[in-house]
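Here are the chains, one letter per residue:
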Amino acid sequence: MAVSQPPHTLSLSVEEMRRVGYRIIDRLIDHTENLHERKVTYAVDRAELKRGLSEPPPEAGSDFESVLDSLEGTALANFMHVDHPRFFAYIPGPSNYVSVLADTLCAGLNIFAGTWLASAGPSQIELVVVDWLRQICGLPESTGGLFVSGGSMANVTALAVARHVKLNDVNDGGVVYFSDQTHSSVMRGLRLLGFQADQMRSIETDDAFRMDVRALRQAIAADRESGRRPFCIIANAGTTNTGAVDPLPELADLCDEQDLWLHADGAYGAAAALCERGRALLTGLERAHSVALDPHKWLFQPFETGCVLVREQRWLGETFRITPDYLRDAHRTEPETNFCDYGVQLTRSARALKVWMSVKVFGLGAFRQAVARGFELAEYAESVLRASGCWEIVTPAQLAIVSFRYAPAQMSDEAAESVNSRLVDAIFRDGYAMISSTRLRGRTVLRFCTINPRTSEQDIASTIDRIAQLAESA
Ligand SMILES: Cc1ncc(COP(=O)(O)O)c(C=O)c1O
C-alpha cells in the first residue's frame, strides 16, 4: 500500500529558516544589550492577558514573523527579567549568551542524552562537566552525577539515593532532619518519596540561621529511643533566605558517628566554592554523600540547568536502573554512562553542553571572578544600607545575600512592619528594580541577592535610593 505524501512536513524553506533564525538572534542580542535600560517587571492584569491570548488552536497557520510579533506584544512583554542587573529578588538567573547559543544548538539538533548509544559525545561531555563540578565541591573521584532540571529535582534525586542506600527503599520509621531555613523543595521531594510529615524533623537555627547541632543531636537521640530509624541530615550550603551555611564539618562528623547520610542543598550556594571565600565558607561540603548544585543560579547558565552529585557513582545506578526489553540495545553498550539509569528522566536534553561551552569560551577564571563579585556586591549593598540610616541590617552580607528592613529611628516596630510588608508590591509596580521579601523570626524582611556579575555599584546605590523613596510614600 502506498503512503501518501503529507501535505505538510512541518518544515520551513531554507530562506525562511535563515531569515526567522536571524530575527530571533537579533531579538536575543537586543535583550542582552539593552536590558539595563528596561524595566525589570511588567504591568498587565490577568484579564487583559487572557483577552489577548485565549483562542482555540488555529487550524491554519500564519507566517512566523506575525506569530512572533503577536508573542512580543503579549507573553514576551509580560515577564520578569530575572537576568536584569537590577533583579535582586529570590535567586536571580543571570545566564550568559554563550550558553543560550549552546542551548539553542542542543534544541536544534534535538540531542537525546538518555543513553550512551544515542549520545556518546554529549554523554561524555556530561561526564566531564559533572567531574568539573565534583572538583569544585571537593568531592572524591568515586563521585558520579547528572544534570537535571534544577535544584528541586536535584534534591529529590539525591534523597531517593539516600533512601535506597540507607533504608533499602523502605520508608517505615525512617526520619530525616533539616533546619527550619531549608528550601521547600526538600519537603516536597520527601513527600513525593512517600515520607509523612512526622518523618521530617525541622530543627531550630541559631542567631545566624544555621542549624543548631545540639538540638539536632537531641532530636536524633529521641527518635532512636522511640525505635525510629534516623537516616539522613540535609544541610544547607547557602539558605535561600539569608545565605546561611549550616555547620557542615560538625554535621559530617555527626553523620560519620551515627551512620547517617549527609545531603547538602547547595542549589544556589555550592557554586561559591569556585572562589576562595566561598571555599572557606563551605568547608565540609567535600564530606557530603550528595550535593545539589544549580548551574542556572550562580554559575550563570540558562534555565533548566541543575546538577546532582553523589559520592559513589554506583549508588545512582543502584537506585534508578531498570532494564526493560525495549532498551536492551542501549543497555548492551556502555552501561556505566546511560544517564537514564542515574535519575528519573529517560528522554533528556544535553544540559551539560551549555556549561561546557561557556566554561571553554570564557574560562573558569572568569566564572571564579564573577562568583567572587557576588560577595563584594552584597557587601557594598550592606555598606550603603548602613550609611543611609533608615535601614536595619537583619543579616549581614553572606554568600551574596544581605537581608534588611526599613526601620527609621522614629518609626514604631508595628508601623515599620506594615511598610516592609507593603514595599515589595510598590517595588514591583515601580519596575526599576526587583527585590523580594521573606519572614525571619516573625518579622518581614527584604533581601538583596547580588549574584549577577553585570550588576554595577551604581545599580545597587540607585536601587536603594529608589526603594527608600517608595518606603517613604508607602
Ligand atoms: C537552596 C535552594 N534549594 C533548592 C532550590 C530549588 O531550585 P529550583 O528552583 O532550581 O528547582 C532553590 C531555589 O531557589 C534554593 O535556593
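Every value quoted in this text rests on a predicted model; they were computed, and no experiment measured them.

**Student:** I'd like a rundown of the site of the ligand, residues and numbers included.
**Tutor:** As a matter of local geometry, the ligand sits amid 14 residues, with Gly151, Ser152, Asp265, Asp294 and His296 nearest to it. Between glycine 151 and the ligand, the recorded distance is 2.8 Å, taken from a backbone N or O atom to an oxygen atom. The contact in question runs from an oxygen atom of the ligand to an N or O atom on the side chain of serine 152, over 2.5 Å. Taking 390 Å² as the accessible area of the ligand by itself, protein coverage stands at 83%. Of all the secondary-structure elements, those providing two or more residues to the shell around the ligand are α6 (151–167) and α11 (295–298). Per-element accounting of the shell around the ligand gives the leading share, three residues, to α6. Here the shell around the ligand is built from residues that sort into two nonpolar, nine polar and three charged.

**Student:** Summarise the sheet that holds strand β1 (residues 144–148); cite the residues concerned and give the values.
**Tutor:** Strand order in the open sheet made by the seven strands is β1-β7-β6-β5-β4-β2-β3, with mixed pairing throughout. The open sheet has two free edges, formed respectively by β1 and β3 (200–203), since each of these has just one partner strand. In this sheet, neighbouring strand axes are inclined to one another by 20° on average, regardless of whether the strands run parallel or antiparallel. Two strands pair when backbone bridges link them, and strand β4 (residues 229–236) and strand β5 (residues 261–266) are joined in this way by five bridges, in the parallel orientation. Bridge assignment links asparagine 236 to a residue of β5, and that residue is aspartate 265. Most of the contacts of helix α12 (residues 313–320) go to β1, to which it runs at about 60°, and overall it touches β1, β5 and β7 (306–310).

**Student:** Can you break down unusual backbone geometry residue by residue, with the values?
**Tutor:** In the segment running from phenylalanine 303 into glutamate 304, the intervening peptide bond is cis, with an omega of 0°. Positive phi values are uncommon outside glycine, yet tyrosine 90 reaches one of about 40°. Among the secondary structure elements, tyrosine 90 is positioned in the loop between α3 (64–73) and α4 (97–109). Although it is not a glycine, alanine 400 adopts a positive phi angle of roughly 70°.

**Student:** Tell me about the domain arrangement of the protein, and name the residues and values.
**Tutor:** As assigned here, the protein comprises domain 1 (14–54 + 61–83), domain 2 (101–362) and domain 3 (365–472). Just the C-alpha atoms count here: the centres of domain 1 and domain 2 sit 35 Å apart.

**Student:** Which residues make up the pairing of strand β10 (residues 436–440), and what values do they have?
**Tutor:** Here β10 shows a buried face lined by Ser436, Thr438 and Leu440 and an unburied face lined by Ser437 and Arg439. Sheet topology note: the β10/strand β11 (residues 443–449) ladder contains five bridges and is antiparallel. Bridged to serine 437 within β11 is leucine 446. What sits between the antiparallel neighbours β10 and β11 is a turn of two residues, in which arginine 441 has the positive phi angle 50°.

**Student:** Can you break down the side chain of threonine 395 residue by residue, with the values?
**Tutor:** Looking at the element boundaries, threonine 395 is found in strand β8 (residues 391–398). A residue is classified by how much of its surface remains accessible, and threonine 395, at 6% relative accessible area, is buried. Within the structure, threonine 395 has its side chain in polar contact with the side chain of serine 403 (distance 2.5 Å).

**Student:** Describe in detail the pattern of salt bridges, supporting the description with residues and values.
**Tutor:** Under the definition given, this model contains 26 salt bridges. One salt bridge connects aspartate 69 with arginine 23, and the closest N-O pair in it is separated by 2.7 Å. Of this pair, aspartate 69 sits in helix α3 while arginine 23 sits in helix α1 (residues 14–34), and the two are 46 residues apart along the sequence. Residue classification places arginine 23 among the partly exposed residues on the basis of a relative accessible area of 28%. For the salt bridge of glutamate 379 with arginine 277, the shortest nitrogen-to-oxygen distance reads 2.3 Å. Placement of glutamate 379 in helix α15 (residues 364–388) and of arginine 277 in helix α10 (residues 276–281) is noted, with a sequence separation of 102 residues between them. Judged by relative accessible area, which is 41%, arginine 277 ranks as partly exposed. What emerges from the salt-bridge pattern is a single network uniting Glu392, Arg405, Asp413 and Arg443.

**Student:** So what's going on with the side chain of aspartate 459? Which residues, and what values?
**Tutor:** Among the structural elements, aspartate 459 can be located in helix α17 (residues 457–472). The class for aspartate 459 is buried, based on a relative accessible area of 2%. Separated by 2.9 Å, the side chain of aspartate 459 and the backbone nitrogen of serine 456 make a polar contact. With near-sequence residues (within four places) excluded, aspartate 459 lies in contact with His36, Pro85, Arg86, Phe88 and Arg454.

**Student:** Pulling in residues and values, what's your account of the packing of aromatic side chains?
**Tutor:** All told, the structure shown has 12 aromatic pairs when counted by the stated rule. Ring plane angle 65° and centroid distance 4.7 Å describe the contact between phenylalanine 88 and phenylalanine 448, whose orientation is recorded as edge-to-face. One end of the pair, phenylalanine 88, is in the loop between α3 and α4; the other, phenylalanine 448, is in strand β11, with 360 residues separating them in the sequence. The buried category is assigned to phenylalanine 88, whose relative accessible area is 0%. We classify phenylalanine 448 as buried; its relative accessible area is 0%.

**Student:** Describe the pairing of β4, listing the residues and the values that go with them.
**Tutor:** β4 sits mainly inside the fold: seven of its eight residues count as buried. Sheet analysis places strand β2 (residues 174–179) next to β4, joined by five bridges and oriented parallel. Residue pairing for β4: glycine 174 is matched across the bridge by arginine 229.

**Student:** Before we move on, could you go through the environment of aspartate 207 and cite the residues and values that matter?
**Tutor:** Its place among the elements puts aspartate 207 in the loop between β3 and α8 (213–225). Judged by relative accessible area, which is 77%, aspartate 207 ranks as exposed.

**Student:** For the environment of arginine 279, give the residues involved together with the corresponding values.
**Tutor:** Mapped onto the elements, arginine 279 comes out in helix α10. Assessed through its relative accessible area of 25%, arginine 279 is described here as partly exposed. Note: C-alpha distance between arginine 279 and glutamate 33 (246 residues apart in sequence) is 33 Å. Once residues lying within four places of it in the same chain are set aside, the contact partners of arginine 279 are Ile136, Cys137, Gly138, Ala272, Ala273 and Glu286. Within the local environment of arginine 279, its side chain forms a polar contact with the backbone oxygen of isoleucine 136, the two atoms lying 3.0 Å apart.

Thresholds applied
- Residues numbered from 1 in each chain as written.
- Predicted model: local features only at pLDDT ≥ 70, side-chain atom pairs only at ≥ 80, totals over all residues.
- Heavy atoms only, no water.
- Near = heavy atom within 4 Å.
- Polar contact = N/O pair within 3.5 Å; in protein donor to acceptor, adjacent residues only side chain to side chain.
- Areas by Shrake-Rupley, 256 points an atom, 1.4 Å probe, with all protein chains shown as cover.
- Helix = DSSP H or I, 4+ residues; strand = E, 2+ residues; numbered from the N terminus.
- Nonpolar A, V, L, I, M, F, W, Y, C, P; charged D, E, K, R; others polar.
- Pairing = 2+ DSSP bridges.
- Axes fitted to C-alpha atoms, helices over the stretch in contact; angles between N-to-C directions.
- Contact = heavy atoms within 4.5 Å.
- Domains from an automatic or database assignment.
- Buried < 20%, exposed > 50% of the residue type's maximum accessible area, 1.4 Å probe, protein only.
- Salt bridge = Lys/Arg side-chain N within 4 Å of Asp/Glu carboxyl O.
- Phe/Tyr/Trp six-rings, centres within 6.5 Å; stacked < 30°, edge-to-face > 60°.

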